[in-house]
Structure formats: C-alpha cells, structure tokens
Amino acid sequence: MLSVKKEYGREDIERLLEEHTQRRGITNEELERKVQGELSMHDLLCDLVEEALLTAREVESAELRRRQREGMTRAQELGVTLGRPSKRSDKRFEKIRELYEDKRVSAEDAAKRLHVSISTFYRWLRQSRNAENERRKTELIRLREGLEEREWELEREIDLAENQDRDPEGSQEG
C-alpha cells in the first residue's frame, strides 16, 4: 500500500509495480511492450504512479496548511498568543528606558542590562513609543469627544435661554 506521507524514489515505485504486477500475473514481457515510440508500459505506469503520488502529496500539504491556518485564526480569536514568548519584561524595560531617555545610560548599556542585542532594544523602544503615542491619541480623541458633547449641551442651554428671553412668560394666547 502506498502512502502520501512517505517519499518514494523511482526505484521504490518500480519495485512496488513489479510486486503488484507479479501478483496479478502480468509478465515482464507485457510490461516492456512499447505503447508509444520508445515508451514502455512499465515506464508509463511508473510515470503515472509518480505523478499521482506527487499530486496527492501536494493536495495533502495544502490541506494541512489550510487546517493549520484555520486553527491559528481560531486561537487568535480566542486571545491565544502565538509564537515564542518575548524576553521583554515591561517593568524592567520601562526602568531602563527611563535611564536611557534621561541619558544616564547608552543604548549599548541598556541592551546589555536587558540581555538583548542593540537592535532588539531599539525595536522595543520604537514599539514602546508607538504604543504610548497610540494611548495618547486615544485619550485625546476621548477628550475631544467629551468637549464636543459639552459644547453641544452648552449650545442647547444657550438656545433655551434665548427662547426664554424672547418669550419670558411662554406663549399664552387667550
């Protein structure tokens, strides 16, 4: 029995073909019969089996990648963090970042203290600054929305006050 999980060389395929044809009572003379030009039945069958195995392996591999991608997507939706855990400890990094930004340590010293390369330190620094900027941006948006809402409330109060000034007793028709 052939398996798509196993790699078969041409010799393996020829051996399996020979075993199978012998069980079926097919002689070597019949296999060596030419079917087209110099192509024998034996070579044709080996080529077909080789193609079929290659195609089956490709299909199996594509299906495996698809299932793996689906599993990773489901895991991410559930909040599972994929990949290697970061060496970065936020508390420790923030302390060293503060020293670096106050120019009390160099980038090289900061990287050494964190036991990472200088490029990793710079990447963490950039990520930290970007995250900080995003937090500030979100806070400014919230403040602006609050101010806009308060502005709208004040305009409504002004409109009500102006309407009361025009008609202090309300519109009473008699």
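Taking 1.5 Å as the rise per residue, helix α3 (residues 41–77) with 37 residues should run 54 Å; its terminal C-alpha atoms sit 54 Å apart, in good agreement. Of the residues making up α3, those classed as buried are His 42, Cys 46, Leu 53, Arg 57 and Ala 75. Elements that come into contact with the buried residues of α3 comprise α1 (10–23), α2 (28–31) and β2 (39–40).

A few words on the packing of aromatic side chains. If you walk through the whole model with that rule in mind, you get 4 aromatic pairs. Residues Tyr 100 and Phe 121 carry aromatic rings whose centres are separated by 5.3 Å and whose planes lie at 85° to one another, so their mutual orientation is edge-to-face. Here Phe 121 lies in helix α6 (residues 118–166) and Tyr 100 lies in helix α4 (residues 90–101), a separation of 21 residues in the sequence. For Tyr 100, a relative accessible area of 21% corresponds to the partly exposed category. We classify Phe 121 as buried; its relative accessible area is 0%. Note on Phe 121 and Tyr 122: the rings are 6.0 Å apart at their centroids and 50° apart in plane angle, and the pair reads as tilted. An aromatic cluster of three or more residues is present, and its members are Phe 93, Tyr 100, Phe 121, Tyr 122 and Trp 124.

Running from N to C, α4 and helix α5 (residues 107–114) cross one another at 165°; their axes reach a closest spacing of 10 Å. One element, α4, and the other, α5, form an angle in the roughly antiparallel class. As α4 runs across α5, the sense of the crossing is right-handed. Contacts between α4 and α5 pair Arg 92, Phe 93, Ile 96, Leu 99 and Tyr 100 from the former with Ala 107, Ala 110, Arg 113 and Leu 114 from the latter.

With that out of the way, let us pick up the nonpolar core. With 12 residues, the main nonpolar core is built from Phe 93, Ile 96, Leu 99, Val 105, Ala 107, Ala 110, Ala 111, Leu 114, Val 116, Phe 121, Trp 124 and Leu 125. If you list the elements that add at least two residues to this core, you get α4, α5 and α6. Here this core takes 4 residues from α5, the largest share from any one element. Not counting chain neighbours up to four residues away, the residues in contact with Phe 93 comprise Arg 88, Leu 114, Phe 121, Trp 124, Leu 125 and Ser 128.

Attention now moves to a nonpolar patch on the surface. On the surface, Met 72, Leu 78, Val 80 and Leu 82 cluster together to form a nonpolar patch covering roughly 390 Å² of accessible area. Turning to its location among the elements, Leu 82 is positioned in the loop between α3 and α4.

What follows is about the packing of α1 against α3. One can describe the packing of α1 onto α3 by two numbers: an axis separation of 10 Å at closest approach and a directional angle of 120°. The interaxial crossing formed by α1 with α3 has right-handed handedness. Within the contact between the two elements, α1 uses Arg 10, Ile 13, Glu 14 and Leu 17 and α3 uses His 42, Asp 43, Leu 45, Cys 46, Asp 47, Val 49, Glu 50 and Leu 53.

Residues Glu 145, Glu 148, Glu 151, Glu 155, Asp 159, Glu 162 and Asp 165 make up a contiguous surface patch of negative charge. Counting through the fold element by element, Asp 165 comes out in helix α6. Note on Asp 165: relative accessible area 64%, which makes it exposed.

Turning next to the pattern of salt bridges. If the charged atoms of two oppositely charged side chains come close together, the side chains can form a pair. Under the definition given, this model contains 18 salt bridges. Among the ionic pairs, Arg 10 bridges to Asp 43, the shortest N-O distance being 3.8 Å. Of this pair, Arg 10 sits in helix α1 while Asp 43 sits in helix α3, placing them 33 residues apart in sequence. Overall, Arg 10 belongs to the partly exposed group, its relative accessible area being 27%. Between Arg 66 and Glu 70 there is a salt bridge, with its nearest N and O atoms 2.4 Å apart. Of this pair, Arg 66 and Glu 70 both sit in helix α3, 4 residues apart, which is roughly one turn of that helix. By relative accessible area, which is 37% here, Glu 70 ends up partly exposed. Taken together, the salt bridges that share partners define one network made up of Glu 94, Arg 97, Glu 101, Arg 129, Glu 132 and Arg 136.

Rules and cut-offs
Residues numbered from 1 in each chain as written. Predicted model: local features only at pLDDT ≥ 70, side-chain atom pairs only at ≥ 80, totals over all residues. Heavy atoms only, no water. Helix = DSSP H or I, 4+ residues; strand = E, 2+ residues; numbered from the N terminus. Expected span 1.5 Å × (residues − 1). Buried < 20%, exposed > 50% of the residue type's maximum accessible area, 1.4 Å probe, protein only. Contact = heavy atoms within 4.5 Å. Phe/Tyr/Trp six-rings, centres within 6.5 Å; stacked < 30°, edge-to-face > 60°. Axes fitted to C-alpha atoms, helices over the stretch in contact; angles between N-to-C directions. Parallel < 35°, antiparallel > 145°, perpendicular 65-115°, else oblique. Left-handed = near helix turned anticlockwise from the far one by under 90°. Core = buried A, V, L, I, M, F, W, Y, C linked by side-chain atoms within 4.5 Å. Patch = residues over 30% accessible without salt bridge, like charges linked within 9 Å, V, L, I, M, F, W, Y side chains within 5 Å. Areas by Shrake-Rupley, 256 points an atom, 1.4 Å probe, with all protein chains shown as cover. Salt bridge = Lys/Arg side-chain N within 4 Å of Asp/Glu carboxyl O. Lys, Arg positive; Asp, Glu negative; His and termini not counted. Charge placed at Lys NZ, Arg CZ, Asp CG, Glu CD.

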